[in-house]
Amino acid sequence: MTVLSVENLTLSYRSGREWREVVHNVSFTLGRGEMLAFVGESGSGKTTTAQAIIGLLADNARRDGGSIRLNGEDLSQWSAKRLDSLRGARISLVPQDPGNSLNPVKTVGAQVGEILRLHQKIDKAECEQQVLALLSKVGLSHPEQRMKQFPHQLSGGMKQRVLIAIAIALRPDLIIADEPTSALDVTVQKRILDLLDVLRRESGTAVLFVTHDLALAAQRADRLLVFRNGEVQEHGATADVVRAPQHAYTRQLLSDVQGQRVTIAPVSGRPLASPAIQAIGISKRFALGKGHQLQALDNVSFVVQRGSTHALVGESGSGKTTLARILLGFEQADSGQVNIDDINATSLSHEARRQLR
Ligand SMILES: Nc1ncnc2c1ncn2[C@@H]1O[C@H](COP(=O)(O)OP(=O)(O)O)[C@@H](O)[C@H]1O
Ligand SMILES: [Mg+2]
């Protein structure tokens, strides 16, 4: 059964007085439980096409022609109000930019709960249960505490997971996921993509997966649609496209992926006299309200030698940025010491720290 059918879609952006066509005659269909991946380099029209489908084109964009049908109904003729009622319930979007897609003055729990209560007759307690279940599903630890937090208290990857929770909340017919895992580390990324697979199997949800990562698309999608300069360059079953690409451009994309390898940077030189940075027993807690606390850093120590590159690696939310901010003196540690060039930076006055920076 066809969930989404797009025919000859053509879209333009206005800059000044000029309209510039950026998506040209794009056509495809998407069946129940199926995953179609939009791949192609940045600027090729993937996001614009995705936004048109869910009726969220930018103010300076317009549809010049073509049709968009959801379960046979032509959405391009629908009013903004009717589209609003559809969004979340039958079609949902995980937007590309998690940064400004959440309401800054509402807690995470309120925002996930809002969509649940808008479309279901449930009481507060039931709503809270569902919010907790959704937040754990998308891999957020301490969901009881997270739901009381505001977006600015979350890392980019956590915000992305909240947006995914909102998008899957009502098990819609179609989920459009625009680079949904770009801010996530590989373990969380796998969890999210597995979650989408479960929805496809259990609820027949169709997924339109937008990504610049052809390797990831090939692993997950039933079919690939390759965009180039706003046109469909290639469209077919994943195995066919990967095994026998019809166009030189797709062959090039594929060879770029196959050449992918991880190289480990060589250790640079032997350590010189005094280290550039010494972090000694750094700990940091954040208050979460109502007496709850989050241990962001727990007794972290390490040394960075002069002239070397030191990598802080870890899942989103594991404390990397907080640590970097403490090293720079933008944030105060609860305990521990930071030496920069053998100077105890933790003990400096505000002005001296600024000078050091
Ligand atoms: N709000 C906008 N105003 C004007 N041009 C835009 C806007 N958003 C995207 N574009 C242009 O439209 C084209 C397609 O962009 P986009 O759909 O974002 O591609 P992708 O998602 O594949 O990276 C690009 O040329 C881009 O510069
Ligand atoms: Mg995009």
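One numbering rule holds for all chains: residues counted from 1, following each sequence as written. For this description, chains carry letters from A and ligands carry numbers from 1, given in the order in which they are written. Only residues with pLDDT of at least 70 get local features here, since the model is predicted, and only at 80 or more are side-chain atom pairs given and counted; chain-wide, interface and lining totals rely on the full set of residues. Hydrogens and water are ignored here; the side-chain numbers use all heavy atoms of the structure.

Participant: For this particular structure, what's the right way to read the coordination of the magnesium ion (ligand 2)?
Facilitator: Six octahedral donors around a metal ideally sit at 90 or 180 degrees from one another, while four tetrahedral donors ideally sit at 109.5 degrees. A 2.8 Å cut-off from the metal defines N, O and S donors, relaxed to 3.2 Å for Na, K and Ca; water is not in the atom list, so some sites may appear incomplete. At this site the magnesium ion (ligand 2) is bound by Thr47 (OG1) and Gln96 (OE1), with donor distances of 2.0 to 2.4 Å. Here Thr47 is found in helix α1 (residues 46-53), whereas its partner Gln96 is found in the loop between β6 (91-94) and α3 (108-119), with 49 residues between them in sequence. Think of it in three bands: residues with accessible area under 20% of the maximum for their type are buried, residues over 50% are exposed, and the middle band is partly exposed, with areas taken using a 1.4 Å probe on protein chains only. The partly exposed category is assigned to Gln96, whose relative accessible area is 38%. By the criteria applied, helices consist of DSSP H or I runs no shorter than four residues and strands consist of E runs no shorter than two, each listed in order from the N terminus.

Participant: Just checking my understanding: could you explain the sheet that holds strand β13 (residues 335-340) for this structure?
Facilitator: What holds strands together in a sheet is hydrogen bonding between their backbones, with the strands either parallel or antiparallel. What the four strands build is an open sheet, ordered β12-β11-β13-β14; its pairing is antiparallel. The open sheet has two edge strands, β12 (292-304) and β14 (343-344), and neither has a second partner. Between any two strands, pairing holds if DSSP finds at least two bridges.

Participant: Could you clarify how one ought to interpret the packing of helix α6 (residues 156-168) against helix α7 (residues 186-203) in this entry?
Facilitator: Each pair of packed helices can be summarised by the angle the axes make with each other and by the distance between the axes. Taken N-terminus to C-terminus, the directions of α6 and α7 make an angle of 0°; their axes are 12 Å apart at the nearest point. When the axes of α6 and α7 are compared, the pair comes out roughly parallel. Of the residues in α7, those touching α6 at Arg161, Ile164 and Ile168 are Val188, Ile192, Leu195, Leu196 and Leu199. Here the residues of the contact of α6 with α7 are counted per class, giving seven nonpolar, no polar and one charged. In this analysis an axis means a line fitted to C-alpha atoms, helices contributing only their contacting stretch, and an angle means the value between N-to-C directions, from 0 to 180 degrees. Should an angle fall under 35 degrees it is called roughly parallel, over 145 degrees roughly antiparallel, and 65 to 115 degrees roughly perpendicular, with every other angle called oblique. Note on definitions: a residue-residue contact is assigned when non-hydrogen atoms from the two residues lie within 4.5 Å. Nonpolar residues are Ala, Val, Leu, Ile, Met, Phe, Trp, Tyr, Cys and Pro. Charged residues are Asp, Glu, Lys and Arg, and all others, Gly as well, are polar.

Participant: Even after reading the chapter, I still don't get the domain arrangement of the protein, so can you show me in this structure?
Facilitator: Interface size, as often reported, equals the accessible area lost upon joining of the parts. Residue ranges labeled as domains rest on an automatic or database domain assignment. What the domain assignment reports for the protein is domain 1 (2-258) and domain 2 (277-356). Of note, the centres of domain 1 and domain 2, computed from C-alpha atoms alone, are 36 Å apart. Across the domain 1 to domain 2 interface the summed buried area is about 790 Å²; carbon plus sulfur atoms make up 49%. Two parts placed together each lose some accessible area; with a 1.4 Å probe, that loss summed over both constitutes the buried area. Summed over the three residues of domain 1 that lose the most area to domain 2, namely Gln145, Lys148 and Asp185, the buried surface amounts to 48% of that side. Here, a salt bridge means any Lys or Arg side-chain nitrogen found within 4 Å of an Asp or Glu carboxyl oxygen. Across the domain 1-domain 2 interface, the total number found is zero salt bridges. For the side of domain 1 that touches domain 2, the secondary structure elements donating two or more residues are α5 (143-146), α6 and α7.

Participant: Just to check I follow, could you spell out the nonpolar core for this structure?
Facilitator: Taken as a class, soluble globular proteins show a tendency for nonpolar side chains to be buried jointly. If you look at the biggest cluster of nonpolar residues, it comprises 50 residues, and the most contacted ones within it are Val112, Leu116, Leu135, Val138, Val162 and Ile168. Element by element, the count of residues in this core is highest for α6, at eight residues. When sequence neighbours within four positions are dropped, the list of residues in contact with Val162 reads Leu102, Val108, Val112, Leu140 and Leu154. Only buried residues count toward a nonpolar core. Its members are Ala, Val, Leu, Ile, Met, Phe, Trp, Tyr and Cys residues joined through side-chain atoms within 4.5 Å. One finds Leu9, Leu36, Ile53 and Val210 within the second-largest nonpolar core, a separate group that totals 30 residues.

Participant: Before we go on, may I ask you to explain the site of ligand 1 in this structure?
Facilitator: By convention in these notes, a residue is near a molecule or strand provided one of its non-hydrogen atoms lies within 4 Å of it. The environment of ligand 1 is made up of Tyr13, Arg20, Val22, Glu41, Ser42, Gly43, Ser44, Gly45, Lys46, Thr47, Thr48 and Asn60. We define a polar contact as two N or O atoms separated by no more than 3.5 Å, with the added condition that, inside protein, one atom must be a possible hydrogen donor and the other a possible acceptor, whereas residues neighbouring each other in sequence contribute only through side-chain atom pairs. Between ligand 1 and Tyr13, the relevant distance is 3.3 Å, taken from a nitrogen atom to a side-chain nitrogen or oxygen of the residue. Thr47 has a polar side-chain atom sitting 2.8 Å from an oxygen atom of ligand 1. The method behind every accessible area is Shrake-Rupley, applied with a 1.4 Å probe, and residues are considered shielded solely by the protein chains displayed. Here ligand 1 loses 67% of its free accessible area of 560 Å² to cover by the protein chains. For the shell around ligand 1, the elements supplying multiple residues, two or more each, are β2 (18-31) and α1. Of the residues in the shell around ligand 1, the class split is two nonpolar, seven polar and three charged.

Participant: Looking at this structure, I do not really get α6. What am I missing?
Facilitator: Note: α-helices contain 3.6 residues per turn, so residues at a spacing of three or four share the same orientation. One less than the residue count of a helix, multiplied by 1.5 Å, gives the span that helix is expected to have. An ideal rise of 1.5 Å per residue puts 18 Å on 13 residues; α6 measures up with 19 Å between its terminal C-alpha atoms. Those residues of α6 that fall on the buried side of the exposure criterion are Gly157, Met158, Lys159, Gln160, Arg161, Val162, Leu163, Ile164, Ala165, Ile166, Ala167 and Ile168. Buried-residue contacts for α6 involve β6, α3, α4 (124-137), α5, β7 (174-178) and α7.

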